[in-house]
Structure formats: structure tokens, C-alpha cells
Amino acid sequence: MTKIGELTVREVRRMVASLTMRDCMKREVVTVQPTASVREAAALLVEKQVGTLPVVNAAGTLLGVTSLTRIIQLLLPDFVALLQNIDFIKDYGALKTPSREEWERVAELSVADIMDGPIVVEEHCPLIMALSVMEKHNLRDLPVVREGRLVGIASRVDIGRTFLAQWLSANT
């Protein structure tokens, strides 16, 4: 029988299947209201050192998501295009910098204007399924809901750390 450490493959599969988002999600989530400005959202991202901001209403219902990447795309579209085509760029100084007026226009947009629709999982979703959702939609963070209300968020790192912690504890 094949073993991974001291566990059989069957035991590892059972262990992985038993882990859910509830086992790894952060329960204290930094959120933003849809009426907040992009400037306010950017300030939250910087202050709280997060990359994803779930957008919720006063009742805690998840309405959408915005992120550091989304705001940078709005403020520096040429820079984002550069990153996507890095192999073909010969002159980094040729990037067009948006005008101050354009930055101010973006800064005053509401979060509702720029948010993406939410891609979520329920808190009892198996981690392996959540990871596949993240991979399919190219997400770094995944909001977790219970009956439509935000109850947590988990990153790829949170999920991986939970797998490894479970594996290490099962091998000791």
C-alpha cells in the first residue's frame, strides 16, 4: 500500500475530504460598503494590508468584490497591460501616465461602479472544491457565505496551510 509519510493514500484522501472552508477561513473580514469611494477602498486595502475587499450591505449580505488589482487596473491601465505583455516591452519609459484629472475621476467612483460579482462558496464547502473554484476563476481570495451573508474569507495560502497542518498533525 502506498504511503505518504506515515499515512496511506486512502487516509490522506479521507483527511483532505473532511476539511472544509470553516476550518481555514478568516472570520474577521475587512469589508467595504458599495457607496464608498474608490479612494476609500484603496485606503482600506493599504491600511489593513489585504488584497481583496468584499462589498457588503448594512445587513452583511455580500454584493460583490473589489481588489487591489482592480483598482490598480483603473488607475494604471498601461502598467497592467505592460505586466500582461512583459516579454514584448522594449521601452518602459513609454508608458502613458494618466492625468491628475483622470486619477481624481477614478478615485471618486463608487465601489459599486467597479466591483465584480461575487464568486463564493458556503462554509461547509470542502477545501479541495474551494481550491478548484479559485483556480477556475483565477482568485487569490474566496469569500465564504452562510445563506448569502458573508461569514469569512480564505486565501490560497490559508487553504494550503490548513492542508499541511492537518497532514503534519496526522503524522505525529
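To start, this report covers the structure provided alongside it. Chains are numbered independently. Their residues run from 1 in the order of the written sequence. pLDDT decides what is reported in this predicted model: residues at 70 or higher carry local features, side-chain atom pairs at 80 or more are listed and counted, and totals for whole chains, interfaces and linings draw on all residues regardless. The basis for the side-chain values is all heavy atoms of the structure; hydrogens and waters are excluded.

Secondary structure elements follow DSSP: runs of H or I no shorter than four residues count as helices, runs of E no shorter than two count as strands, and numbering proceeds from the N terminus. On a plain count of helices and strands, the protein chain comes out with eight helices and seven strands. Note on classification: 1.4 Å probe, protein chains only; a residue is buried when its accessible area is under 20% of the maximum for its type, exposed when over 50%, partly exposed between these limits. Residues classed as buried in the protein chain amount to 34% of the 172 residues present. Whether two residues are in contact is decided by their heavy atoms: any pair within 4.5 Å suffices. Restricting the contact set of the protein chain to residue pairs at least 6 apart, pairs at least 24 apart contribute 59%. Only the protein chains shown count as cover for residues, with accessible areas throughout obtained via the Shrake-Rupley method and a probe of 1.4 Å. Here the protein chain displays about 10800 Å² of accessible surface, and carbon together with sulfur accounts for 55% of that area.

Here we come to the sheet that holds strand β7 (residues 149-155). Hydrogen bonding along the main chain pairs the strands of a sheet, whether they run parallel or antiparallel. Think of it this way: DSSP has to see at least two bridges between two strands before they count as a pair. Reading across from one edge, β5-β6-β7 is the order of the three strands in this open sheet, with mixed pairing throughout. Looking at which strands have only one partner, the edges of the open sheet turn out to be β5 (121-122) and β7. As judged from the six bridges shared by strand β6 (residues 141-146) and β7, these two strands associate in the antiparallel manner. Bridge pairing links Asp141 to Ser155 in β7. Each axis is a line fitted through C-alpha atoms, and for a helix only the stretch in contact is used; angles between axes span 0 to 180 degrees, taken between their N-to-C directions. Lying on the sheet, helix α7 (residues 127-137) is in contact with β5, β6 and β7; it crosses β6 at an angle near 130°.

Each patch is built from residues that are more than 30% exposed by relative accessible area and take part in no salt bridge. Like charges join if they lie within 9 Å; nonpolar side chains (Val, Leu, Ile, Met, Phe, Trp, Tyr) join within 5 Å. Each reported salt bridge corresponds to a side-chain nitrogen of Lys or Arg within 4 Å of a carboxyl oxygen of Asp or Glu. Side chains of Leu68, Ile72, Leu76 and Trp103 sit close together on the surface and give an oily, nonpolar patch of about 310 Å² of accessible area. Relative to the helices and strands, Ile72 is located in helix α3 (residues 68-75). On the accessibility criterion, Ile72 (31% relative accessible area) is partly exposed.

On to the nonpolar core, then. Residues Met21, Val121, Leu127, Ala130, Leu142 and Ile159 are the most contacted members of the largest nonpolar core, which totals 16 residues. Examining the composition of this core, we find that three residues originate from one element, α7, more than from any other. Once residues lying within four places of it in the same chain are set aside, the contact partners of Leu127 are Leu19, Thr20, Met21, Cys24, Ile159, Thr162 and Phe163. In terms of nonpolar packing, the next biggest core, distinct from the first, is built from 11 residues, Ala36, Ala41, Val55 and Val106 among them. Nonpolar core, defined: a set of buried Ala, Val, Leu, Ile, Met, Phe, Trp, Tyr and Cys residues in which side-chain atoms within 4.5 Å join the residues together.

Looking now at the pairing of β6. Most of β6 sits out of view: five of its six residues are buried. Where β5 lies against β6, two bridges are found, and the strand directions are parallel. In the strand pairing of β6, Val121 is matched with Val144. Hairpin geometry of β6 and β7 is characterised by an intervening segment of two residues between the two adjacent antiparallel strands and by a positive phi of about 55° at Glu147.

When charged atoms on two side chains of opposite charge get close, those side chains can pair. In total, this model carries nine salt bridges according to the counting rule given. For Glu123, the salt bridge identified is with Arg22, shortest N-O distance 3.8 Å. Here Glu123 is found in the loop between β5 and α7, whereas its partner Arg22 is found in the loop between α1 (9-18) and α2 (38-48), with 101 residues between them in sequence. Linking Glu102 and Arg105 is a salt bridge whose minimum nitrogen-to-oxygen distance equals 2.7 Å. One end of the pair is Glu102 and the other is Arg105, both in helix α5 (residues 100-108) and three residues apart, which spans about a single turn. Residue Arg105 is classed as partly exposed on the basis of its relative accessible area of 45%. Shared partners join several salt bridges into a network, and the residues in it are Arg22, Glu123 and Arg146.

Worth remembering: the numbers are spatial, not functional.
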